[in-house]
Amino acid sequence: KLLSDLSFSKNFLRKYKPVGFRAPRLFIKKEFFPILSDFGFTYDSSIYGGRIERIPGTSLLEKPVSATTLFGTVKNVYPQNLVQSFLRLSIPYGSGFMINLLQKKMQDFINYTNRQKIPAIVFVHPWQLLSYKTDESLKTMIHIPKRLYRRRINETLEFLLAKNKFVPLGDL
């Protein structure tokens with residue numbers, strides 16, 4: 001499916017030359033990395049993890065969405081998305097879901113990661129910045145409590161932007 005999707009998108013890829021890839025729902029398999037490399041991608045950001053590192057056997061870097069544990073750094077493994085076994089031991093604070101949950105407390109996690117000389121990699125979804133009047137826009141998120149995604153994050157995002165230096169993921 002990935003190969004056919006990227007092949008279908010070849011005109012877009014040729015025109016805009018994206019260098020980073022993030023799989024839907026942060027779910028990627030190791031066998032996809034040679035395909036990404038063949039299409040000119042230089043990094044992937046499709047897992048929750050602890051450190052930027054070279055993906056073994058490829059020219060790609062993994063730039064994982066930030067996660068931490070109470071016991072140290074989260075290892076980069078594939079796939080590693082928001083499943084119960086991962087959530088029992090890890091805090092995926094870089095996810096759009098967690099910014100709604102943690103709000104300004106997210107700064108504590110960013111500080112903890114930065115003290116280890118590791119950049120925090122955080123993302124938000126466009127729908128988190130807008131207010132929606134109906135549940136229509138949230139129908140695809142049936143597994144996530146909708147009231148968390150209804151919470152506007154603009155104030156939290158402004159707080160985090162004022163406290164931290166943000167750079168494009170490609171620059172890390």
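Here the structure is a predicted model, which is why all the values come from computation and not from measurement.

Draft legend 1. Just empty space enclosed by the protein, in detail. For the structure on display, the rule yields one cavity of 30 Å³ or more. In this structure, the largest cavity occupies an estimated 130 Å³ of space. Lining of the largest cavity is provided by 17 residues; of these, G49, G50, A67, T113 and I118 occupy positions nearest its centre. Elements represented by at least two residues in the lining of the largest cavity include exactly β8 (72-73) and α6 (106-115). In the lining of the largest cavity, the residues fall into eight nonpolar, eight polar and one charged.

Draft legend 2. Broad picture of the sheet that holds strand β2 (residues 43-44). The strand order β1-β2-β5-β4 describes an open sheet built from four strands, whose pairing is mixed. Only two strands of the sheet have a single partner each, and these edge strands are β1 (20-21) and β4 (53-54). Where β1 lies against β2, two bridges are found, and the strand directions are parallel. Opposite F21, over in β2, you have D44 as the bridge partner.

Draft legend 3. Inspection of the layout of surface pockets at higher detail. One number sums up the size of the second largest pocket: a volume of about 430 Å³. A120, V122, K165, F166 and V167 are the residues nearest the centre of the second largest pocket, which is lined by 19 residues in total. For the lining of the second largest pocket, the secondary structure elements donating two or more residues are α6 and α8 (154-163). Residue classes in the lining of the second largest pocket are distributed as 15 nonpolar, two polar and two charged.

Draft legend 4. Local environment of the pattern of salt bridges. Counting across every chain of the model gives two salt bridges. In this structure, K1 and D5 form a salt bridge, with 3.2 Å as the shortest nitrogen-oxygen distance. Its relative accessible area of 75% is what places K1 among the exposed residues. The partly exposed category is assigned to D5, whose relative accessible area is 35%. Here K104 makes a salt bridge to E155, at a shortest N to O gap of 3.3 Å. Placement of K104 in the loop between α5 (96-102) and α6 and of E155 in helix α8 is noted, with a sequence separation of 51 residues between them. Judged by its relative accessible area of 38%, K104 falls in the partly exposed class.

Calculation criteria
Residues numbered from 1 in each chain as written. Predicted model: local features only at pLDDT ≥ 70, side-chain atom pairs only at ≥ 80, totals over all residues. Heavy atoms only, no water. 1 Å grid on protein atoms, 1.4 Å probe; cavity = no way out; pocket = protein on both sides within 12 Å on 5 of 7 lines; lining within 4 Å. Points joined across faces, edges and corners; volume = space filled by probe spheres on them. Helix = DSSP H or I, 4+ residues; strand = E, 2+ residues; numbered from the N terminus. Nonpolar A, V, L, I, M, F, W, Y, C, P; charged D, E, K, R; others polar. Pairing = 2+ DSSP bridges. Salt bridge = Lys/Arg side-chain N within 4 Å of Asp/Glu carboxyl O. Buried < 20%, exposed > 50% of the residue type's maximum accessible area, 1.4 Å probe, protein only.

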